[in-house]
Amino acid sequence: MPPLDMNLLVTLDALLSEGSVVGAAQRLNLSAPAMSRQLARIRHLLGDPVLVRAGRGLVPTPRAEGLRERLRGLVAEAEALVRGDDEIDLLRLERTFVIRANDGFVGTFGAALASLAAQEAPLVRLRFAHQDKEDVEALREGRIDADVGVIGAMGPEIRLQALFHDRFVGVVRPGHPLAGDVTPERFVAFPHVSVSRRGRFSGPIDVALAALGLKRFVAIAVANFSDALAIVRTSDHVAAVPARLTEPGRAGLHTFDLPVKTDALAVSLAWHPRFDADPAHRWLRAALRAACSPRAPGQAEPTG
């Protein structure tokens, strides 16, 4: 058997759907003579007339009629393969997405994302991976589907999209002396807690304080926000944390504006371009953006 020309199957599907050479030609943007030549090739391939004249029209032969449904499904599947199957059935989508994010993001936006998934894609599972480092290889190798956080340069091929901007605020226990008036001098008079994946004791706040000739004492460095908030809840220590990323965790604590100015934080979503056209991953990215919107379902109300 000679190599199969798949175009003939698309042509036969159009002929059977339209029931005429002229209609099929218009559907496929061909001339009527070109479509007649294609029909001749199909007849030779199948060894069957395929379409025969009946009055002024054409009717399919029993062989062609028997092929109609299978052919339609085959052509639709081929079109979906080329198109990328954009229209997936989210209600039947079974997939596990791995999202690398810190505890602040999970605690603040995890419920909203879970609610969206339950409503739109109930068979999808979400696994949050610990954000111990910015490992671009995890994205390149597909070990994680998305990275969320304050993300630096990860390579020219990595896609990056800002989800929202955040700012640092100060946090202390209720009744703390800083629950009143906060000045730079009073701010540095108490021990501080630093949140750093790398265990750093200094950062942008210290640079801003140094410009005023002041220095704070960072007594403790922890890797996540929940630990920092737990420490300040029962001590006189002070923590500086992102406002939106720690809204639920700051419940019951006193929050105040920092007495020095620091740059805003861009919380971004990163992914590998191999997933650009993947409809399931496009849904994930849209769900992450929606979960971070101010009115997302399940998101905590802002605290003081």
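Quick notes on the rules
Residues numbered from 1 in each chain as written. Predicted model: local features only at pLDDT ≥ 70, side-chain atom pairs only at ≥ 80, totals over all residues. Heavy atoms only, no water. Helix = DSSP H or I, 4+ residues; strand = E, 2+ residues; numbered from the N terminus. Rg over C-alpha atoms; globule rule 2.2 N^0.38 Å. Buried < 20%, exposed > 50% of the residue type's maximum accessible area, 1.4 Å probe, protein only. Contact = heavy atoms within 4.5 Å. Patch = residues over 30% accessible without salt bridge, like charges linked within 9 Å, V, L, I, M, F, W, Y side chains within 5 Å. Areas by Shrake-Rupley, 256 points an atom, 1.4 Å probe, with all protein chains shown as cover. Salt bridge = Lys/Arg side-chain N within 4 Å of Asp/Glu carboxyl O. Pairing = 2+ DSSP bridges. Axes fitted to C-alpha atoms, helices over the stretch in contact; angles between N-to-C directions. Polar contact = N/O pair within 3.5 Å; in protein donor to acceptor, adjacent residues only side chain to side chain. Core = buried A, V, L, I, M, F, W, Y, C linked by side-chain atoms within 4.5 Å. Expected span 1.5 Å × (residues − 1).

Caption draft 1: Focus on the overall build of the chain. Regarding its fold elements, the chain presents 10 helices and 12 strands. Taken over the C-alpha trace, the chain has a radius of gyration of 31 Å; the compact-globule value for 304 residues is 19 Å, which it surpasses by more than 25%. If one aligns the C-alpha atoms of the chain with their principal axes, the spans along those axes are about 100 × 35 × 30 Å. Taken across its 304 residues, the chain has 43% of its residues classed as buried. Look at the contacts in the chain between residues 6 or more apart in sequence, and 72% of them connect residues 24 or more apart.

Caption draft 2: View of a nonpolar patch on the surface. There is a patch of nonpolar side chains on the surface, built from L4, M6, L45 and L74 and spanning about 340 Å² of accessible area. You can see L45 is positioned in helix α3 (residues 32–46). Of the residues examined, L45 reaches a relative accessible area of 32% and is grouped as partly exposed.

Caption draft 3: Quick look at the sheet that holds strand β3 (residues 96–101). Across the sheet, which stays open at both edges, the five strands sit in the order β4-β3-β5-β12-β6 with mixed pairing between neighbours. Each end of this open sheet is capped by a strand with a single partner; those strands are β4 (125–130) and β6 (159–166). Across the sheet, the mean angle separating the axes of adjacent strands is 25 degrees when strand polarity is ignored. Pairing analysis gives six bridges linking β3 to β4, with the strands arranged parallel. Across the sheet, residue R100 finds its bridge partner in β4, namely A129. Contacts between helix α5 (residues 103–120) and the sheet are confined to β3, β4, β5 (146–149) and β6, with β4 contributing the most and set at about 170 degrees to the helix. On the sheet, helix α10 (residues 279–291) packs against β3, β4, β5, β6 and β12 (265–271) and is oriented at approximately 40 degrees with respect to β3.

Caption draft 4: Here's a closer look at the pairing of β5. Covered by surrounding structure in β5 are A146 and V148 together with D147 and G149, the residues of both alternating faces. In the sheet, β3 pairs with β5 via two bridges, with the strands oriented parallel. Its bridge partner being in β5, R100 is matched across the sheet by D147. By the bridge criterion, three bridges tie β5 to β12 in an arrangement that is antiparallel. By the bridge assignment for β12, D147 is matched with A270.

Caption draft 5: Quick look at the sheet that holds strand β11 (residues 254–257). Pairing is mixed in the open sheet, where five strands are placed in the order β9-β8-β10-β7-β11. Pairing within the sheet leaves two strands with one partner each, and these edge strands are β9 (218–222) and β11. Averaged over all neighbouring strand pairs, the angle between strand axes comes to 35 degrees, with direction disregarded. Pairing between strand β7 (residues 168–172) and strand β10 (residues 238–242): four bridges, direction antiparallel.

Caption draft 6: Broad picture of the side chain of R250. If you trace the backbone, R250 turns up in the loop between β10 and β11. A distance of 2.9 Å separates a polar atom in the side chain of R250 from a polar atom in the side chain of T246.

Caption draft 7: Structural context of the side chain of T61. Looking at the secondary structure, you find T61 in the loop between β2 (57–60) and α4 (62–83). Here D48 takes part through its side chain, which lies 2.6 Å from a polar atom of the side chain of T61. Apart from residues lying up to four places away in sequence, T61 is in contact with D48, P49, V50, L51 and V52.

Caption draft 8: Main features of the nonpolar core. In terms of nonpolar packing, the biggest core is built from 28 residues, with F105, V148, W283 and L288 touching the most fellow members. Those elements that provide at least two residues to this core are β3, α5, β5, β6, β12 and α10. Contact partners of V148, with chain neighbours within four places excluded, come to I99, R100, A101, N102, F105, Q131, L163, V267, S268, L269 and L288. Of all hydrophobic cores here, the second largest spans 18 residues; its members include L8, A14, V21 and I42.

Caption draft 9: Just the environment of F225, in detail. One can find F225 in helix α9 (residues 225–233). For F225, a relative accessible area of 12% puts it in the buried group. As for F225 and S194, which are separated by 31 residues in sequence, their C-alpha atoms are 9.1 Å apart. Aside from chain neighbours lying at most four places away, what touches F225 is N102, D103, G104, V195, V241, P242 and T246.

Caption draft 10: Inspection of α10 at higher detail. For α10, with 13 residues, the first-to-last C-alpha span of 18 Å sits near the 18 Å given by 1.5 Å per residue. Taken together, the buried positions of α10 are P279, A280, H281, W283, L284, R285, A287, L288 and A291. Packed against the buried residues of α10 are β3, α5, β4, β5 and β12.

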